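Chain by chain, the residues:
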Amino acid sequence: MPRFDMTESGTEASLTIYVKKIDPDSVHLSASRRRLKVRFRYDVITVLDIEVELAGSILPHLSKADIFGPKIEISLRKGDGTHWGKIGKVIDSSTGSEVHQRSEFAVPTAM
């Protein structure tokens with residue numbers, strides 16, 4: 001089961017997806033100013049297919065993604081530098097249902 005982590009700075013929001021056995025050839029990412037789509041296969045036959053209604057706007061042409069072994073790092077350049085606090089509304093593309101907004105989709109807060 002994939003695990004998600006989000007961090008942000010004034011100019012960038014980063015979403016990292018951790019999962020073993022990612023098929024790098026199956027990774028497909030697309031982004032517009034307010035939406036991110038992520039689809040890939042892992043564990044040979046399992047597919048992760050999500051769509052994120054982003055909490056703020058981004059500059060897609062300045063955003064990037066990298067695959068490092070068991071993780072995909074997606075760096076989104078913010079369009080206006082505002083604080084998001086969470087990545088946005090995450091939707092399972094196969095069901096159309098919102099993925100529960102667990103803490104993985106929010107920026108960790110200091111205690």
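See the structure shown above.
Bear in mind the structure is a predicted one, so any value in this text is a computation, not a measurement.

Asks: Tell me what's going on with the overall build of the protein, and back it up with residues and numbers.
Replies: In terms of helices and strands, the protein carries zero helices and eight strands. Helices and strands in the protein line up, N terminus first, as β-β-β-β-β-β-β-β. Sorting the 111 residues of the protein into buried and exposed places 34% on the buried side. Relative to all contacts within the protein whose residues are 6 or more apart in sequence, the contacts with residues 24 or more apart total 48%. When the accessible area of the protein is evaluated, it comes to approximately 6500 Å², of which 51% is carbon and sulfur surface.

Asks: Which residues make up the environment of alanine 13, and what values do they have?
Replies: Summarising the element assignment, alanine 13 is placed in strand β2 (residues 12–18). Alanine 13 sits 62 residues away from serine 75 along the chain, and the two C-alpha atoms are 6.1 Å apart.

Asks: Could you give me a rundown of the packing of aromatic side chains, with the residues and numbers involved?
Replies: Under the defined criterion, the tally for this structure stands at one aromatic pair. When the ring of phenylalanine 40 is compared with that of tyrosine 42, the centres are 6.0 Å apart and the planes differ by 50°; the resulting orientation is tilted. Accessibility assignment for this pair places phenylalanine 40 and tyrosine 42 in one class, buried. Above the ring of tyrosine 18, the side-chain terminus of arginine 3 is found at 4.2 Å from the ring centroid.

Asks: Before we move on, can you summarise the sheet that holds strand β7 (residues 71–77) with the specific residues and values?
Replies: Spatially, the four strands line up as an open sheet ordered β1-β2-β7-β6, and their pairing is antiparallel. Either end of the sheet is taken by a strand with one partner, and the two such strands are β1 (3–8) and β6 (64–68). When the angles between neighbouring strand axes are averaged without regard to direction, this sheet yields 15°. One ladder, built from six bridges, connects β1 with β2; its direction is antiparallel.

Asks: Explain the nonpolar core to me, and be specific about the residues and the numbers.
Replies: Counting residues in hydrophobic clusters, the biggest one holds 23 residues, and the most contacted among them are Ile17, Leu36, Phe40, Leu54, Ile74 and Ile87. Those elements that place two or more of their residues in this core are β1, β2, β4 (35–42), β5 (46–54) and β7.

Asks: Explain the side chain of lysine 78 residue by residue, including any values.
Replies: Residue placement: lysine 78 occurs in the loop between β7 and β8 (88–92). The class for lysine 78 is buried, based on a relative accessible area of 5%. Within polar-contact distance, the side chain of lysine 78 engages the backbone oxygen of threonine 82 at 2.8 Å. Excluding anything up to four places from it in sequence, lysine 78 contacts Glu8, Ser9, Gly10, Thr11, Glu12, Ala13, Ser57, Ile58, Leu59, His83 and Trp84.

Asks: Just give me the short version of the environment of threonine 11, but keep the residues and values in it.
Replies: For threonine 11, the position within the fold is in the loop between β1 and β2. Sequence separation of threonine 11 and leucine 76 is 65 residues, and the distance between their C-alpha atoms is 8.6 Å. Setting aside residues up to four positions removed in sequence, threonine 11 forms contacts with Leu76, Arg77 and Lys78.

What counts, and where the lines are drawn
- Residues numbered from 1 in each chain as written.
- Predicted model: local features only at pLDDT ≥ 70, side-chain atom pairs only at ≥ 80, totals over all residues.
- Heavy atoms only, no water.
- Helix = DSSP H or I, 4+ residues; strand = E, 2+ residues; numbered from the N terminus.
- Buried < 20%, exposed > 50% of the residue type's maximum accessible area, 1.4 Å probe, protein only.
- Contact = heavy atoms within 4.5 Å.
- Areas by Shrake-Rupley, 256 points an atom, 1.4 Å probe, with all protein chains shown as cover.
- Phe/Tyr/Trp six-rings, centres within 6.5 Å; stacked < 30°, edge-to-face > 60°.
- Lys NZ or Arg CZ within 6 Å of the ring centre and 35° of its normal.
- Pairing = 2+ DSSP bridges.
- Axes fitted to C-alpha atoms, helices over the stretch in contact; angles between N-to-C directions.
- Core = buried A, V, L, I, M, F, W, Y, C linked by side-chain atoms within 4.5 Å.
- Polar contact = N/O pair within 3.5 Å; in protein donor to acceptor, adjacent residues only side chain to side chain.

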